[in-house]
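For reference, the chains in residue letters:
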Amino acid sequence: MITRRKFLSGCIGATAALFGLSLLPEYKAVDQLLKSIPVLLYHRVGSETDDLTISTKRFEEDLASLSQEGYNSLTLAQVKQRLAGNYEQLPDKPVIITFDDGYLDNYTNAFPLLQKYAMKASFYIITGMMGNTDRLNSAQIREMAAAGMDFGSHTVTHRQLADLTSQEVNNELKQSKITLEQTLGKPVDFIAYPCGSYRPDTIQAATHSGYIGGFSTQYGFAAFNNHLAIRRIPVFHNDRSIAYVMLRKGLLPSMMG
Ligand SMILES: [Zn+2]
């Protein structure tokens, strides 16, 4: 039987071989990869069986694996440091944990486990849905923030930004930022684009609205070459172990360009 560790060491062996092969001609690509950080994208944690929900047991296994492998979850303040080029000050083996859509189960199921494993995550809120029966409300958001969790915008209505007029895009970007800043009492610097939908002018609009970081849904490790289009590694219902997900959707595609 192949254990997770054996599987992982096998993959790392293969990766090392790839590094060895590509080290001289592809030095810059490898150098950039080594400075990259995995950004995990979760949605829901609970008993639903849809693609975007993973079980509470599975989420705990993910956190336990990350912890055992020595990963350190970054706060958004630390991500800001990295975006400013200060990656030397970050802990070894950094990982960024993100949640999109602001479901209530993020508070009831994910938050206690994040605290149990001393992990930080950031949650991207659809502000027009805050307080709906299955979504986080402002009191829960404040409680999570007080415990070290971070929050960002996932727009007001969750419409795909690439389909909207520039005025609609501006409203989505600015109004959600204002609502969250009023809820939290501090600046909100990050956005996750609903469904990963954006255009070049969306990124400009996000910059003009005061965002310094934007998360896409493009697969791969975050290389930070575009701060407003940071790649993530999505985790879905039927995915295997987190190590497998990171290697399959993050490291290997990124290495292959
Ligand atoms: Zn979403």
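Note: the structure precedes this text.
Residues numbered from 1 in each chain as written. Predicted model: local features only at pLDDT ≥ 70, side-chain atom pairs only at ≥ 80, totals over all residues. Heavy atoms only, no water.

**Here's the deal with the overall build of the protein**
Each helix and strand in the protein was counted, giving nine helices and 10 strands. Restricting to contacts in the protein with at least 6 residues of sequence separation, those with at least 24 account for 65%. With an accessible surface of roughly 12,000 Å², the protein has 53% of that area assigned to carbon and sulfur atoms. (Helix = DSSP H or I, 4+ residues; strand = E, 2+ residues; numbered from the N terminus. Contact = heavy atoms within 4.5 Å. Areas by Shrake-Rupley, 256 points an atom, 1.4 Å probe, with all protein chains shown as cover.)

**Let's talk about the nonpolar core**
Most often, soluble globular proteins have nonpolar side chains that are buried together. Grouped together as the largest cluster of nonpolar side chains are 47 residues, with contacts concentrated most on Tyr-42, Phe-59, Ile-97, Phe-99, Leu-114, Phe-123 and Phe-151. Grouped together as the second largest cluster of nonpolar side chains are 15 residues, Leu-74, Ile-96, Ala-192 and Ile-230 included. (Core = buried A, V, L, I, M, F, W, Y, C linked by side-chain atoms within 4.5 Å. Buried < 20%, exposed > 50% of the residue type's maximum accessible area, 1.4 Å probe, protein only.)

**Some words on the coordination of the zinc ion**
Looking at the metal site, the zinc ion is ligated by Asp-101 (OD), His-154 (NE2) and His-158 (NE2), spaced 2.0 to 2.1 Å from it. Sequence spacing of the donors to the zinc ion: D-x52-H-x3-H. Assessed through its relative accessible area of 23%, His-158 is described here as partly exposed. (Donors = N, O, S within 2.8 Å, 3.2 Å for Na, K, Ca; no water.)

**Brief notes about helix H7 (residues 166–184)**
Residue pairs three or four apart in sequence face the same way in an α-helix, which turns once every 3.6 residues. A rise of 1.5 Å per residue sets the reference length of H7, with its 19 residues, at 27 Å; its end C-alpha atoms lie 27 Å apart and thus fit the reference within 8%. Among the residues making up H7, those that are buried are Val-169, Glu-172, Leu-173, Ser-176, Lys-177, Leu-180, Thr-183 and Leu-184. The buried side chains of H7 occupy one side of the element, clustering within an arc of 130° when seen end-on. Of the residues in H7, the exposed ones pointing more than 90 degrees away from the buried face are Ser-166, Gln-167 and Gln-182. Residues of H7 that are buried sit in contact with strand E6 (122–125), helix H6 (138–146), strand E7 (150–153), strand E8 (190–192) and helix H8 (200–208). Gly-185, located one to two residues past H7, shows a positive phi value of around 70°. (Expected span 1.5 Å × (residues − 1). Arc of directions from axis to C-beta.)

**Quick notes on the pairing of strand E10 (residues 230–234)**
Burial of E10 is extensive: four of the five residues sit out of reach of the surface. For strand E1 (residues 39–42) and E10, the ladder comprises two bridges, and the chain directions are parallel. In the sheet register, Leu-40 faces E10, and the bridge partner there is Ile-233. Sheet topology note: the strand E9 (residues 213–219)/E10 ladder contains two bridges and is parallel. Its bridge partner lying in E10, Phe-215 is registered against Ile-230. (Pairing = 2+ DSSP bridges.)

**Some words on helix H4 (residues 76–83)**
Residues of H4 that are buried include every one of Leu-76, Val-79, Arg-82 and Leu-83, and no others. Buried residues of H4 fall within an arc of 105° about the axis and therefore sit on the same side. A positive backbone phi angle near 95° is found at Gly-85, which sits one or two residues after H4.

**Let's talk about the pairing of E6**
Walk down a regular strand and you will see the side chains alternate between the two sheet faces. Neither face of E6 is left uncovered, since the one carrying Ser-122 and Tyr-124 and the one carrying Phe-123 and Ile-125 both have all their residues buried. Pairing of strand E5 (residues 94–100) with E6 involves three bridges; the strand directions are parallel. The partner of Thr-98 across the bridge, within E6, is Ser-122. Where the polypeptide runs from E5 across helix H5 (residues 105–116) and back to E6, its parallel neighbour, the crossover connection is right-handed. As defined by bridge partners, E6 adjoins E7 across four bridges and the pair is classed as parallel. For Phe-123, the partnering residue across the bridge sits in E7 and is Phe-151. On the question of chirality, the crossover connecting E6 to the parallel E7 by way of H6 is right-handed. (Right-handed = clockwise from strand over helix to strand, strands pointing away.)

**With respect to the packing of helix H3 (residues 56–68) against H5**
In the contact formed by H3 and H5, the axes pass within 10 Å of each other and the chain directions differ by 25°. Between H3 and H5, the angle falls in the class roughly parallel. Once H3 is placed against H5, the crossing between them reads as right-handed. Contact residues: H3 offers Thr-56, Phe-59, Glu-60 and Leu-63, while H5 offers Asn-109, Ala-110, Leu-113, Leu-114 and Lys-116. Taken together, the residues that form the contact of H3 with H5 break down as five nonpolar, two polar and two charged. (Axes fitted to C-alpha atoms, helices over the stretch in contact; angles between N-to-C directions. Parallel < 35°, antiparallel > 145°, perpendicular 65-115°, else oblique. Left-handed = near helix turned anticlockwise from the far one by under 90°. Nonpolar A, V, L, I, M, F, W, Y, C, P; charged D, E, K, R; others polar.)

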